[in-house]
2 protein chains.
Amino acid sequence: MEHPENDPRYNGLTVNPGVAAPPSVNPYMQRRKRKPLPSAAEMVEGILKGDITMLSRAVTLVESLASDHNAIAQEVIEKCLPHSGHSRRIGITGVPGAGKSTSIDSFGLHVLKNGGKLAVLAIDPSSERTRGSILGDKTRMERLALHPSAFIRPSPSAGSLGGVARKTRETIVLCEAAGYNNIFVETVGVGQSETAVHSMVDFFLLIQLAGTGDELQGIKRGIMEMADGIVINKADGDNLERARLAQAQFRSALRLFPKAASGWDPEVLTYSGYFELGIPEIWDMIDRYFAFVDANGYFERRRAEQSRYWMYETINEQLRSSFYNDPEIKRHLAEGEHLVLANRQTSFAAARQVLDFYFNHRQKI
Amino acid sequence: MEHPENDPRYNGLTVNPGVAAPPSVNPYMQRRKRKPLPSAAEMVEGILKGDITMLSRAVTLVESLASDHNAIAQEVIEKCLPHSGHSRRIGITGVPGAGKSTSIDSFGLHVLKNGGKLAVLAIDPSSERTRGSILGDKTRMERLALHPSAFIRPSPSAGSLGGVARKTRETIVLCEAAGYNNIFVETVGVGQSETAVHSMVDFFLLIQLAGTGDELQGIKRGIMEMADGIVINKADGDNLERARLAQAQFRSALRLFPKAASGWDPEVLTYSGYFELGIPEIWDMIDRYFAFVDANGYFERRRAEQSRYWMYETINEQLRSSFYNDPEIKRHLAEGEHLVLANRQTSFAAARQVLDFYFNHRQKI
């Protein structure tokens, strides 16, 4: 059947033909020429002057998988190390939907009001990537993205948690050397990465929503115990009462927890990221925390502990991967597991056999 | 001055001279001759018949540090394995002073009322031993110690947590083969051993006291999240109200926790171990738990997971110890730590150098 619009007698709604879809690539754009890679010394010089382009390029090298890039990156990091450490490192976590991006936008602007600089990094290993990858879209921090004193960098896109954590820690060194005295490390509170973030920051902030039911199911067990502060978002309008109730509940729950190693009693505050209510109070809490841990010596002790932790964690991870990636070992492990699950061998006897093989086998290499 | 009692004119209180202190060793006791070691086959036969003496001797071999004893022990365990697994394994923890021994005495008698058998084991690595070592004194479970269907065994006395955990898990196998259908594994909730106990039991019970203050400081962070049930002791007399209040507080705190993998919502009950109030209700809760995890398949899944866990945990521990006990590696680690703490090398670069040395060094062996 012919289309009725073409019939001159048709007097119903008509659809204009419209214009052709534009090409998906701008035909007037020329591919920008890649600038030659600056030397390590040039990069270090630029970073120490706070040159944001140089910082970005160095971070790109840190994240690169090419080994020549890595060699330069290591040199740059090593030279930046003596200039690093002078920042407040703050971890921020919360389930998707808690309003992390809007909150960081508001928090960040508040911090920058008093001067200083802010770098926002993220840990979001590909293995844990969820719908709405964090920081995948810088524009979700609209105002911060335009601020000259803010440096926003999405999570390194590829790799294991260990790899991503290493890159983020190295990026912190570069940012600090470039004069960023506030570092936010964002993570989505549903996977393994919170422990990693917790082990590289001074203060760990958990963003929650009001409500005691399903909203909490997404948060991994154990995260609440890591928090130095819990802030309940969307405490505005109709939701204010619910937020205050959640605050009271979290406060009494935290009282049941044993004291943290820092000696600090985690605080629970309400705020509204969208309406920018309660933001200064959150920063006051963080100020109090830093004054507290500076005074009791925990700050220094924890930074040293974290450096030690990452050294040993890296070693342990490498030892495990060199063992578990050996194809012969894999075969022995599968056999062992089979016997253990069939109740024909204890877990310990099976482990012993695989280890015996490994220690004999590797000596023959 | 002479003692006034010897003066005939003295008419104050007098102290009788009393009898001499008895010798600390019974002079009539003869050192019992050591029975010859039964063969593995004899032991297995005895254990399967429920012979408590044979069971004790096999457990002693499991705990022995002598390698010939261990060889026999492994043979016995392997032959008992197919007869193991048919028990409820219950972990019990709580700070010193929470009344664990009295509670286990009461719990145990209640369980045995309906027939069956009960083994009470403990994990208390020497590295964590506290004042009033748990089960160090059997007589603290006065009635259970005399019960013919109860087998009480203190913690293996020497060794690391890994070693003690292995011995306890192997002892569970032997007890199950000997027909013990209820296994309690006790631990003191202040160290690292709760994770180990949690990884070898089906149900994890946390004994608490009323009060929201200092009593809780002793409990390690994270333990509350492991608990399948929290029971508040000393809910009697004047303390009843405080215990009920604590119950309400723990209940609302647990609601803030994310759901456990089992799907089970941990319950909070009050009881009195000393006055034996509320004990049947605790067992009803445990019954409900087992019905729940049998129905949803979690019981089987978790047992398999635990077997796998212990196999991999043993391997990881051995790999780490073979690395960290190497004197050359120790020297390199100390150097690396020094550079890292002086901010002259990143944690990752230091780790890389130690690993490079290890992987080259070990190939030369």
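Computed from a predicted structure; not experimentally measured.

**Q** Whenever I open this one, the overall build of chain A confuses me. Can you help?
**A** When its secondary structure is counted, chain A shows 13 helices and 7 strands. Counting over 365 residues, chain A shows a buried share of 49%. Surface summary for chain A: the accessible area is close to 18100 Å², and the carbon and sulfur share equals 53%.

**Q** Please clarify how the interface of chain A and chain B should be interpreted in this entry.
**A** A common way to report how large an interface is uses the accessible area buried once the components associate. At the interface, 65 residues of chain A touch 65 residues of chain B. Counting the surface lost from both chain A and chain B, the interface buries some 5900 Å², and carbon and sulfur atoms represent 63% of this. On the surface where chain A and chain B come into contact, there are 2 salt bridges. The shortest N-O distance in the salt bridge between arginine 308 of chain A and glutamate 337 of chain B comes to 2.8 Å. At the surface where chain A touches chain B, the tally comes to 10 residue pairs in polar contact (both at pLDDT 80 or more). Looking at the side of chain A that touches chain B, the elements with two or more residues in it are helix 3 (67–80), helix 6 (161–177), helix 8 (223–226), helix 9 (240–255), helix 11 (298–324), helix 12 (327–341) and helix 13 (347–364) of chain A. Taken together, the residues of the side of chain A that touches chain B break down into 32 nonpolar, 18 polar and 15 charged.

**Q** What's the story with the pattern of salt bridges in this structure? I'm lost.
**A** If the charged atoms of two oppositely charged side chains come close together, the side chains can form a pair. Residue and element names in this part refer to chain A. What the rule picks out here adds up to 30 salt bridges over all chains. In this structure, the salt-bridge partner of glutamate 335 is arginine 331, at a minimum N-O distance of 3.5 Å. Of this pair, glutamate 335 and arginine 331 both sit in helix 12, 4 residues apart, which is roughly one turn of that helix. Residue class for arginine 331 comes out partly exposed when judged on its relative accessible area of 43%.

**Q** How do you make sense of a nonpolar patch on the surface when you look at a structure like this?
**A** All names here are of chain A. On the surface, Tyr274, Phe275 and Leu277 cluster together to form a nonpolar patch covering roughly 370 Å² of accessible area. Mapping tyrosine 274 onto the fold places it in the loop between strand 7 (267–270) and helix 10 (279–295). The exposure class assigned to tyrosine 274 is exposed, which follows from its relative accessible area of 65%.

**Q** Sorry if this is basic, but what is going on with the sheet that holds strand 5 (residues 203–209) of chain A here?
**A** Within a beta sheet, neighbouring strands are joined by backbone hydrogen bonds and run either parallel or antiparallel to one another. Residues and elements named next belong to chain A. Strand order across the open sheet formed by 7 strands is 3-2-4-1-5-6-7, with parallel pairing between neighbours. Unpaired on one side and paired on the other, strand 3 (150–152) and strand 7 mark the two borders of the sheet. The average angle at which neighbouring strand axes cross in this sheet is 20°, direction not considered. As paired strands, strand 2 (residues 118–123) and strand 3 are joined by 3 bridges and run parallel to one another. If you follow valine 120 over to strand 3, its bridge partner there is isoleucine 152. Helix-sheet contacts for helix 9 involve strand 5, strand 6 (229–233) and strand 7, and the interaxial angle to strand 7 is about 175°.

**Q** Just to check I follow, could you spell out the sheet that holds strand 7 (residues 267–270) of chain B for this structure?
**A** Residues and elements named next belong to chain B. Pairing is parallel in the open sheet, where 7 strands are placed in the order 3-2-4-1-5-6-7. Where the open sheet ends on each side, the last strands, each with one partner, are strand 3 (150–152) and strand 7. When the angles between neighbouring strand axes are averaged without regard to direction, this sheet yields 20°. Judged from the 5 bridges that link them, strand 5 (residues 203–209) and strand 6 (residues 229–233) form a sheet pairing that is parallel. Following the sheet pairing, isoleucine 207 is matched in strand 6 by valine 231.

**Q** Honestly, the state of the cysteines in this entry has me stumped. Any pointers?
**A** By definition, a disulfide links two cysteine residues through a covalent bond between their sulfur atoms. Counted by the stated rule, this structure contains 0 disulfides over all chains. You can see cysteine 175 of chain B has no disulfide; the closest cysteine sulfur is in cysteine 80 of chain B, sitting 10.0 Å from it.

**Q** Is there a simple way to think about the relation of the copies chain A and chain B in this case?
**A** These two copies of the chain differ by a rotation about an axis and a displacement along the same axis. When chain A is fitted to chain B, the best match, at an RMSD of 0.2 Å, comes from turning it 180° and sliding it 0.0 Å along the axis. Both chain copies can therefore be described as sitting about a two-fold axis. Across chain A, the smallest distance between a C-alpha and the rotation axis is recorded for alanine 253 of chain A, namely 2.3 Å. Looking at the interface residues of chain A, 100% of them are also at the interface in chain B, so both copies use one shared face.

**Q** Help me out: how do you make sense of the pairing of strand 1 (residues 88–94) of chain B in this one?
**A** The two faces of the sheet receive side chains in turn, since in a regular strand these alternate between them. Residues and elements named next belong to chain B. In terms of residue burial, strand 1 counts as a mostly covered element, since 6 of its 7 residues are buried. In the sheet, strand 1 pairs with strand 4 (residues 182–188) via 7 bridges, with the strands oriented parallel. Along strand 4, the bridge assignment pairs arginine 88 with asparagine 182. In the sheet, strand 1 pairs with strand 5 via 4 bridges, with the strands oriented parallel. Each residue of the ladder has a partner; that of isoleucine 90, found in strand 5, is phenylalanine 203.

**Q** Any chance you could explain the packing of aromatic side chains here in plain terms?
**A** The geometry of an aromatic ring pair comes down to the distance between the two centres and the angle between the two planes. Applying the stated rule across the entire model yields 32 aromatic pairs over all chains. The interplanar angle of 90° and the centroid separation of 5.2 Å between the aromatic rings of tryptophan 264 of chain A and tyrosine 289 of chain A together place this pair among those described as edge-to-face. With tryptophan 264 of chain A in the loop between helix 9 and strand 7 and tyrosine 289 of chain A in helix 10, the pair connects residues that are 25 residues apart, well separated along the chain. Tryptophan 264 of chain A gets classed as buried once you look at its relative accessible area, which sits at 7%. On the basis of relative accessibility, which here comes to 2%, the residue tyrosine 289 of chain A falls in the buried class. Both rings, one in phenylalanine 107 of chain B and one in tyrosine 271 of chain B, keep their centres 5.5 Å apart while their planes meet at 45°; by these two values the pair is tilted. Residue phenylalanine 107 of chain B is found in helix 4 (residues 100–113), and its partner tyrosine 271 of chain B is found in the loop between strand 7 and helix 10 (279–295); the two are separated by 164 residues along the sequence. You'll find phenylalanine 107 of chain B and tyrosine 271 of chain B in the same group, each marked buried. Among the aromatic residues, ring-to-ring pairing joins Phe203, Trp264, Tyr289, Phe290, Phe292 and Phe299 of chain A into one connected group. Here the guanidinium or amino end of lysine 117 of chain A rests over the ring plane of tyrosine 180 of chain A, the centre of that ring lying 4.3 Å away.

**Q** Help me out: how do you make sense of the nonpolar core in this one?
**A** Looking at soluble globular proteins, one finds that nonpolar side chains tend to be buried together. With 108 residues, the main nonpolar core has Val76, Leu174 and Met224 of chain A together with Val76, Leu174 and Met224 of chain B as its most contacted residues. The contacts of methionine 224 of chain A, once residues within four sequence positions are left out, are Leu206, Ile230, Phe250, Ala253, Leu254 and Phe257 of chain A together with Leu256 and Phe257 of chain B. Counting 34 residues, the second largest nonpolar core, distinct from the first, contains Ile92, Phe184, Ile282 and Met285 of chain B.

**Q** Got a minute to help me understand unusual backbone geometry in this structure?
**A** Trans is the prevailing form of peptide bonds, just as negative phi is the prevailing case for residues other than glycine. Unlike most non-glycine residues, lysine 234 of chain A shows phi in positive territory, near 65°. Inspection of the secondary structure puts lysine 234 of chain A in the loop between strand 6 and helix 9. The backbone of asparagine 343 of chain B sits at a positive phi, close to 60°, despite the residue not being glycine. The class for asparagine 343 of chain B is partly exposed, based on a relative accessible area of 30%.

**Q** Teacher, can you tell me more about the confidence of the model for chain A here?
**A** Regions with low pLDDT carry predicted coordinates that are not meant to be interpreted in detail. Residue and element names in this part refer to chain A. Taken as a whole, chain A shows an average pLDDT of 84; of its residues, 81% reach a score of 70 or greater. Put simply, helix 13 is where chain A has its lowest mean pLDDT, 83, and helix 10 is where it has its highest, 96. The low-confidence segment residues 127–133 (pLDDT under 50) makes 12 contacts with residues lying over four places distant or belonging to another chain.

The rules behind these values
Residues numbered from 1 in each chain as written. Chains lettered and ligands numbered in written order. Predicted model: local features only at pLDDT ≥ 70, side-chain atom pairs only at ≥ 80, totals over all residues. Heavy atoms only, no water. Helix = DSSP H or I, 4+ residues; strand = E, 2+ residues; numbered from the N terminus. Buried < 20%, exposed > 50% of the residue type's maximum accessible area, 1.4 Å probe, protein only. Areas by Shrake-Rupley, 256 points an atom, 1.4 Å probe, with all protein chains shown as cover. Contact = heavy atoms within 4.5 Å. Buried area = accessible area lost by both parts, 1.4 Å probe. Salt bridge = Lys/Arg side-chain N within 4 Å of Asp/Glu carboxyl O. Polar contact = N/O pair within 3.5 Å; in protein donor to acceptor, adjacent residues only side chain to side chain. Nonpolar A, V, L, I, M, F, W, Y, C, P; charged D, E, K, R; others polar. Patch = residues over 30% accessible without salt bridge, like charges linked within 9 Å, V, L, I, M, F, W, Y side chains within 5 Å. Pairing = 2+ DSSP bridges. Axes fitted to C-alpha atoms, helices over the stretch in contact; angles between N-to-C directions. Disulfide = S-S within 2.5 Å. Least-squares fit on C-alpha atoms with pLDDT ≥ 70 in both. Phe/Tyr/Trp six-rings, centres within 6.5 Å; stacked < 30°, edge-to-face > 60°. Lys NZ or Arg CZ within 6 Å of the ring centre and 35° of its normal. Core = buried A, V, L, I, M, F, W, Y, C linked by side-chain atoms within 4.5 Å. pLDDT = per-residue confidence, 0-100.

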